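Residues per chain are reported as follows:
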Amino acid sequence: MQNNKTEDIAEDVYAGFVRSLFNDPGILLIGALCHGLIGFLVYFASREPIYLALAVAMLAAGLYRYYGIRKGQRIGSFDNADAAKRWERYYLIGGTVQAFFMGLFCFVSIYFKPNVFGESAAIAVIMGSTVTIVGRNYGSKRMVAVQALAAVLPIAVGLMLKGDINNFILGLYIVPFIFVITRMARHVRTVLFNAITERKLSAELAQRFNRALNTMSHGLVMLDPHGKVVVANAEAANLMLVQSPDALLGRSVHSLLRRGVAGGMLAYKDCRYVEAQLTRALREGRDRKVLVSFSNGQHYEFSAREGSQELGVITFEDVTARVEAEEKIRFMARYDSLTGLMNRAYFNEMVRGSMAGGNRERLCSLAVIDLDDFKSVNDTLGHPVGDGLIYAVGERLAAFSAEGVYVSRFGGDEFMLFFDQVEDESHLAGVLDSIFASLQGDVDVAGHMLRIQASGGAVLARADTGDVDDMIVKADLALYKSKELGKNGWRLFEASMDAAFRNKQLMKADLRSAVEAGALRVVYQPIVSMKTMRIASCEALCRWDHPELGPVSPAIFIPLAEEMGIISDISSFVLQAACAECVKWPEQITVSINLSAKDFRSSDVVRKVRETLASTGLKPARLEIEVTETALLDDRSQTRELVEEIRALGVRIALDDFGTGYSSLSYLHKLPLDKVKIDRSFLCDVPQNPRSLDLLRGIVDLTRTLGLTVTVEGVETFEQLKVLSQQLHPDLLQGFLFGSALSASGIETMSAVTWPFTADMASLAQNARV
């Protein structure tokens, strides 16, 4: 800051004030000529030599001051306060000299050599000069003071020295004008100072706003009440392919979007849709977001909202990376990683949606295709070759995918097809015959010539009466019939096959009796630590040994239990048994229990867990509850509350079979999870398929970034284990490579074993298996 006598002003403002003193020197030249002319007129009127001398002196002083200001204009530097001070002093010299001779002229004409015309001329000189004192010299307080004194004081003194009371009073009356002039100059200076300061602040604010605006990663435009652009930033100009944001000013939203259409970046129908959405948002004053995909592969999210003072604001952000990530996750959740076909969950979703629309009386068909003797391919040639065969079949079936025709890999070597509209049985027969004909022939997989042979089953149903699950069951029954009749063909479901449903009902009754009698048993699948290669945990699995049918697969009786509504009873049994056994195991081993979606439909699940922990004495940290994606989809808010209550007990929470359903990132982000179990389908072809490896690596990295423990399921070969240990490094492993499910005593026996197996360890594990 520069201290300029009584007030503090910024150095640049002070320098500006001084610079203003050197503006427009032509006025001084006119003043000098006028002063000299008046002096000569008074001389000719009075013939007093002193007036001639004063005329010459005033003319010379005025010219001296004029040329001094011209010099300041040419070579003056006002870049800093010191330079400004020097030039202010220079200005004061010329101004003081000129003011002195003007004041002397007035004093002489009023008192020393009184002259009537001289007095009038003196008053004229002072009146004309007084106006310029404020208007020209406000930038220098000292110059104003000197000229005010030199102009007014000589007149006042001359009048008071005349001796009579009237002139004396008149002289006193004139003296205050000195203060009036200085106050006026100070007021002008203050007003200009405030204006300059505000302008400076406004300029700084505008500069900051402009910097912030043009360094935003988002594009932004602001619209006036007429829909014209009044503000735009550099990112907006970049998107619209113009060199400067100024080129966008005055344009409408319509014209901006039409530039995208003209450049081939945006389709015309998309242009109309985006314009309608943004205009509606601005008109209604509500935030609205619109995702726009451009022809170059970029994705932008446009947001519109009403700003202050009736200004509309439109921002847009490049969300290409986010959209691609979401598409990748969505693809992983909906499609099979090996074949690229729909997975089971997405297929069911699409079929249900398709059957719910259209003509409700039309015929629909569902067909299941299963490879014959596929197990022998895996057993003799290995899983990689088997995967190659499945991929080849998937490729041939994918060729039939079209509007109204869905193709899915249901799992393993099973494929499912849905036809949204079929005319009759003969029409369906023609379609399936062509599909089976396309599957015929040999395929080269890793140097092995394999012949594709498949069996199929199909069912016809009206859209209004058909049920997807029921159709799948009937198609499976037809498939089983086809295999019974010699394979390598397909069969249509017939009413006679309905006997299978009666058998199902009998099995339901037997299952209910087994649950009520406590005839189920629990076995435990080892979960091995990647770091120590020892059992760190185990998953409790329920088994049912039917008195007539023998062991019944969980894949059969668990869905039956869910259908019957007794799955919670089974969950309670497994929970109680597993916790009771886990207490007996070494302290470092935990147990994991999978609760069904129906378990989370009631708050009783929290009570059951709490009471089981209390009755068995198991520490909560040794219990892990696995939550399926089905449970999350049923009622997300209620499930979250129940999961949080269970976790509050100290129990760990795991998301089971991640990737088999609609695996949303929101689960990982919002739910209180401790662990994610990645489904075996992501691992099956990892050693041979770099794409599968990349997908699995992405999931592992994403999960670990969120601070969650990672378990990879389905580890069946040493090749898979090698890839996991060398490239992915998950926390835990689970699969048949470490043995099949064990009894509770088997887990206790194997707790000290370190994998990979030696021959003795393998024998020990075999004896402990169920």
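Here the structure is shown first, and the text comes after it.
What you see is a predicted model, and the numbers here were worked out from it, not measured in a lab.

Caption draft 1: The overall build of the protein, seen in detail. Each helix and strand in the protein was counted, giving 28 helices and 23 strands. For 770 residues, the compact-globule estimate of 2.2 N^0.38 gives 27 Å, and the C-alpha radius of gyration of the protein, at 48 Å, exceeds that figure by more than 25%. Every one of the 770 residues in the protein was classed for burial, and the buried ones make up 47%. The long-range fraction of contacts in the protein, counting pairs at least 24 apart against all pairs at least 6 apart in sequence, stands at 63%. Accessible surface for the protein amounts to roughly 37100 Å². Of this, 55% is attributable to carbon and sulfur atoms. The centroid of the 81 positive side-chain charges in the protein is displaced by 13 Å from the centroid of its 89 negative side-chain charges.

Caption draft 2: The arrangement of the sheet that holds strand β14 (residues 490-492) in detail. One open sheet accounts for five strands, arranged β9-β10-β8-β13-β14; its pairing is mixed. Lying at the two open borders of the sheet, with one neighbouring strand each, are β9 (405-411) and β14. Pairs of neighbouring strands in the sheet enclose a mean axial angle of 20 degrees, with direction left out of account. Pairing of strand β8 (residues 363-371) with strand β10 (residues 414-422), which is carried by seven bridges, proceeds in the antiparallel orientation. The residue bridging A367 from the neighbouring strand is L417, located in β10. Contacts from helix α13 (residues 344-356) reach β8, β9, β10 and β13 (454-462) within the one sheet, and its direction differs from that of β9 by about 150 degrees.

Caption draft 3: Representation of the pairing of strand β7 (residues 312-318) in the model. When you tally the buried positions in β7, you get five out of seven residues, the bulk of the element. Where strand β3 (residues 219-223) meets β7, five bridges bridge the pair, whose relative direction is antiparallel. Bridge pairing links G219 to F316 in β7.

Caption draft 4: Highlighting the pattern of salt bridges. This model, assessed by the stated rule, comprises 28 salt bridges. Put simply, E587 and K619 hold a salt bridge, and the shortest N to O gap is 3.1 Å. With E587 in the loop between α20 (567-582) and β18 (590-595) and K619 in the loop between α21 (604-616) and β19 (623-627), this residue pair connects regions lying 32 residues apart in the sequence. Under the relative-accessibility criterion, E587 is labelled partly exposed at 46%. Owing to a relative accessible area of 49%, K619 belongs among the partly exposed residues under this scheme. When the shortest N-O distance is used, the salt bridge between K675 and E624 registers 2.9 Å. Here K675, found in strand β21 (residues 675-678), pairs with E624, found in strand β19; they are 51 residues apart in sequence, far enough to count as distant. A single burial state applies to K675 and to E624, both of which are buried.

Caption draft 5: Seen up close, the packing of helix α15 (residues 383-398) against helix α16 (residues 425-439). The interhelical angle for the contact between α15 and α16, taken along N-to-C directions, is 140 degrees, at an axis separation of 10 Å. The chirality of how α15 crosses α16 is right-handed. For the pair α15 and α16, the contacting residues are V393, R396 and L397 in the first and I435, S438 and L439 in the second. Its residues assigned to classes, the contact of α15 with α16 shows four nonpolar, one polar and one charged.

Caption draft 6: Structural view of the nonpolar core. Membership of the largest hydrophobic core comes to 80 residues, with the highest contact counts inside it found for Y524, V591 and L623. When residues of this core are assigned to their parent elements, the largest contribution, seven residues, is made by α20. With residues near it in sequence (within four places) discarded, L623 still touches L575, C579, V591, I593, V609, L613, L618, V651 and R652. Counting residues in each nonpolar core, the second largest holds 31 residues, with F374, F436, L439 and L492 among its members.

Caption draft 7: The arrangement of the environment of R251 in detail. For R251, the location among the structural elements is in the loop between α9 (234-239) and α10 (253-262). The class of R251 is partly exposed, set by a relative accessible area of 28%. C-alpha of R251 to C-alpha of K228: the two residues are 23 residues apart in sequence and 5.3 Å apart in space. The residues touching R251, leaving out its near neighbours within four places in the chain, are G227, K228, V229, L256 and R259.

Caption draft 8: Up close: the environment of D224. Along the chain, the position of D224 falls in the loop between β3 and β4 (229-232). Separated by 97 residues in sequence, D224 and M127 have C-alpha atoms that sit 51 Å apart. Among the polar contacts made by the side chain of D224, one reaches the main-chain amide nitrogen of K228 at a distance of 2.8 Å.

Caption draft 9: Representation of the layout of surface pockets within the structure. In this structure, the second largest pocket encloses a volume near 370 Å³. What lines the second largest pocket is a set of 22 residues, among which G31, H35, G128, S129 and T132 lie closest to the centre. When residues of the lining of the second largest pocket are traced back to their parent elements, those giving at least two are α2 (26-46), α4 (81-112), α5 (116-137) and α6 (141-161). Broken down by element, the residue count for the lining of the second largest pocket peaks at eight residues, all from α5. Partitioned by chemical class, the residues of the lining of the second largest pocket number twelve nonpolar, eight polar and two charged.

Caption draft 10: Local environment of the packing of aromatic side chains. Tallying each qualifying case throughout the model produces eleven aromatic pairs. Ring centres of F331 and Y335 lie 4.8 Å apart, and the angle between their planes is 15 degrees; this geometry places the pair in the stacked category. Owing to a relative accessible area of 28%, F331 belongs among the partly exposed residues under this scheme. Measuring from centroid to centroid gives 5.5 Å for Y335 and Y346, while their planes differ by 65 degrees, and the two rings are edge-to-face. Remark: Y346 occurs in helix α13 and Y335 occurs in the loop between α12 (320-334) and α13; sequence separation between them is eleven residues.

Caption draft 11: Here's a closer look at the side chain of E539. Tracing the chain through its elements places E539 in strand β16 (residues 535-546). Of the residues examined, E539 reaches a relative accessible area of 8% and is grouped as buried. Engagement of the side chain of E539 in a polar contact is seen with the side chain of K677, the distance being 3.1 Å. Side-chain polar atoms of E539 contact the side chain of Q734, separated by 2.7 Å. Apart from residues lying up to four places away in sequence, E539 is in contact with V523, Y524, Q525, I527, S592, N594, E626, K677, E713 and Q734.

Caption draft 12: Structural detail: a nonpolar patch on the surface. Together, L170, Y173, F177, V180 and M184 make up an exposed nonpolar region whose accessible area comes to about 480 Å². Listing elements by their share of the nonpolar patch, those giving two or more residues are α7 (165-174) and α8 (177-214). Residue contributions to the nonpolar patch peak at three residues, all from α8. With respect to the helices, strands and loops of the structure, F177 is situated in helix α8. Classification of F177 by relative accessible area gives partly exposed; the value is 38%.

Conventions and cut-offs
- Residues numbered from 1 in each chain as written.
- Predicted model: local features only at pLDDT ≥ 70, side-chain atom pairs only at ≥ 80, totals over all residues.
- Heavy atoms only, no water.
- Helix = DSSP H or I, 4+ residues; strand = E, 2+ residues; numbered from the N terminus.
- Rg over C-alpha atoms; globule rule 2.2 N^0.38 Å.
- Buried < 20%, exposed > 50% of the residue type's maximum accessible area, 1.4 Å probe, protein only.
- Contact = heavy atoms within 4.5 Å.
- Areas by Shrake-Rupley, 256 points an atom, 1.4 Å probe, with all protein chains shown as cover.
- Lys, Arg positive; Asp, Glu negative; His and termini not counted.
- Charge placed at Lys NZ, Arg CZ, Asp CG, Glu CD.
- Pairing = 2+ DSSP bridges.
- Axes fitted to C-alpha atoms, helices over the stretch in contact; angles between N-to-C directions.
- Salt bridge = Lys/Arg side-chain N within 4 Å of Asp/Glu carboxyl O.
- Left-handed = near helix turned anticlockwise from the far one by under 90°.
- Nonpolar A, V, L, I, M, F, W, Y, C, P; charged D, E, K, R; others polar.
- Core = buried A, V, L, I, M, F, W, Y, C linked by side-chain atoms within 4.5 Å.
- Polar contact = N/O pair within 3.5 Å; in protein donor to acceptor, adjacent residues only side chain to side chain.
- 1 Å grid on protein atoms, 1.4 Å probe; cavity = no way out; pocket = protein on both sides within 12 Å on 5 of 7 lines; lining within 4 Å.
- Points joined across faces, edges and corners; volume = space filled by probe spheres on them.
- Phe/Tyr/Trp six-rings, centres within 6.5 Å; stacked < 30°, edge-to-face > 60°.
- Patch = residues over 30% accessible without salt bridge, like charges linked within 9 Å, V, L, I, M, F, W, Y side chains within 5 Å.

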